[in-house]
Amino acid sequence: MKKAVVKALVLDKVSNTPVVLLGIENTKKILPIWIGACEASVMAIAIERVPFERPLTHDLMIRIIDELSLKIERFVIHTIRDNVFYAKIVLRDLTVSEQEASEGVNPFIEIDARPSDCIILSLKTGAPLYVANEIIATEAITLEEIGESEEEFRKFVEDLDISEFKKLLNEHPEKFGDSSGASNEPDEPDEE
């Protein structure tokens, strides 16, 4: 698994569908995930840190998790099947003591979730978001022409035509990265 961060939220002008671009840490790889308009609106609010007087749904989820003596450990986008990404929230039960854990009591709880919800909750809580190596190998795109700075990436995103991006990817996958899954970057430790 590798850590991922939100690099941009863009609009696929052909399908009029929002796309979140996840940057894979310590690489030049980008993972595009198409999401719904409602999810994109909430994600934009989370990115911009817009305050609300009353809790929104994800804020409510965070409060419930806290009140139940749970802690969000991480989010994992682990599978893609039929062009649908699957993710999970990994929670730690804070009522399980270190001794109980050493005696075999599992302090972790895994909950199936949509990647968009995991991304929003990660933005709101700061808990890490990870992507499985297999997904990175098959779905992420290596963008060598992007420079190192945030300004260069912003310029790339402004000029991005997501439909052309998809077309190029389909026509010339060899130009956008290694599909063998080989990587020179060390993997994050798998804690599960």
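All values reported here derive from a predicted model rather than from experimental measurement.

**Some points on the packing of helix 1 (residues 37–48) against helix 4 (residues 115–125)**
At a minimum axis separation of 9 Å, helix 1 and helix 4 run at an interaxial angle of 15°. When the axis of helix 1 is compared with that of helix 4, the two are roughly parallel. Along this stretch, helix 1 crosses helix 4, giving a crossing that reads as left-handed. Residues E39, V42, M43, A46 and I47 of helix 1 lie in contact with helix 4, whose contacting residues are S116, I119, I120, L123 and K124.

**Some thoughts on unusual backbone geometry**
Unusually for a residue other than glycine, S69 sits at a positive phi of about 60°. On the secondary structure map, S69 appears in the loop between helix 2 (57–67) and strand 4 (70–81). Classification of S69 as partly exposed rests on a relative accessible area of 31%.

**Quick look at the nonpolar core**
By size, the foremost hydrophobic cluster in this structure holds 32 residues, and its most contacted members are L22, I77 and V131. Excluding residues within four positions of it along the chain, I77 makes contact with L22, I33, F85, Y86, A87, P115, L129, Y130, V131, A132 and I135. In this structure, V19, L21, I141 and L143 belong to the second largest nonpolar core, which totals 7 residues.

**So, a nonpolar patch on the surface**
A grouping of L60, I64 and L68 is seen on the molecular surface, where their side chains present a nonpolar patch of about 280 Å² in accessible area. Counting through the fold element by element, L60 comes out in helix 2. The exposure class assigned to L60 is partly exposed, which follows from its relative accessible area of 44%.

**Thoughts on the pattern of salt bridges**
Oppositely charged side chains can form a pair if their charged atoms are brought close together. A complete count under the given rule lists 6 salt bridges for this structure. Between K124 and D59 there is a salt bridge, with its nearest N and O atoms 2.9 Å apart. Here the residue K124 occupies a position in helix 4, and D59 occupies one in helix 2, the gap between them amounting to 65 residues. For K124, a relative accessible area of 26% puts it in the partly exposed group. Of the residues examined, D59 reaches a relative accessible area of 22% and is grouped as partly exposed. With a shortest N-O distance of 3.6 Å, R92 and E98 are connected by a salt bridge.

Reading the values: the criteria
- Residues numbered from 1 in each chain as written.
- Predicted model: local features only at pLDDT ≥ 70, side-chain atom pairs only at ≥ 80, totals over all residues.
- Heavy atoms only, no water.
- Axes fitted to C-alpha atoms, helices over the stretch in contact; angles between N-to-C directions.
- Helix = DSSP H or I, 4+ residues; strand = E, 2+ residues; numbered from the N terminus.
- Parallel < 35°, antiparallel > 145°, perpendicular 65-115°, else oblique.
- Left-handed = near helix turned anticlockwise from the far one by under 90°.
- Contact = heavy atoms within 4.5 Å.
- Buried < 20%, exposed > 50% of the residue type's maximum accessible area, 1.4 Å probe, protein only.
- Core = buried A, V, L, I, M, F, W, Y, C linked by side-chain atoms within 4.5 Å.
- Patch = residues over 30% accessible without salt bridge, like charges linked within 9 Å, V, L, I, M, F, W, Y side chains within 5 Å.
- Areas by Shrake-Rupley, 256 points an atom, 1.4 Å probe, with all protein chains shown as cover.
- Salt bridge = Lys/Arg side-chain N within 4 Å of Asp/Glu carboxyl O.

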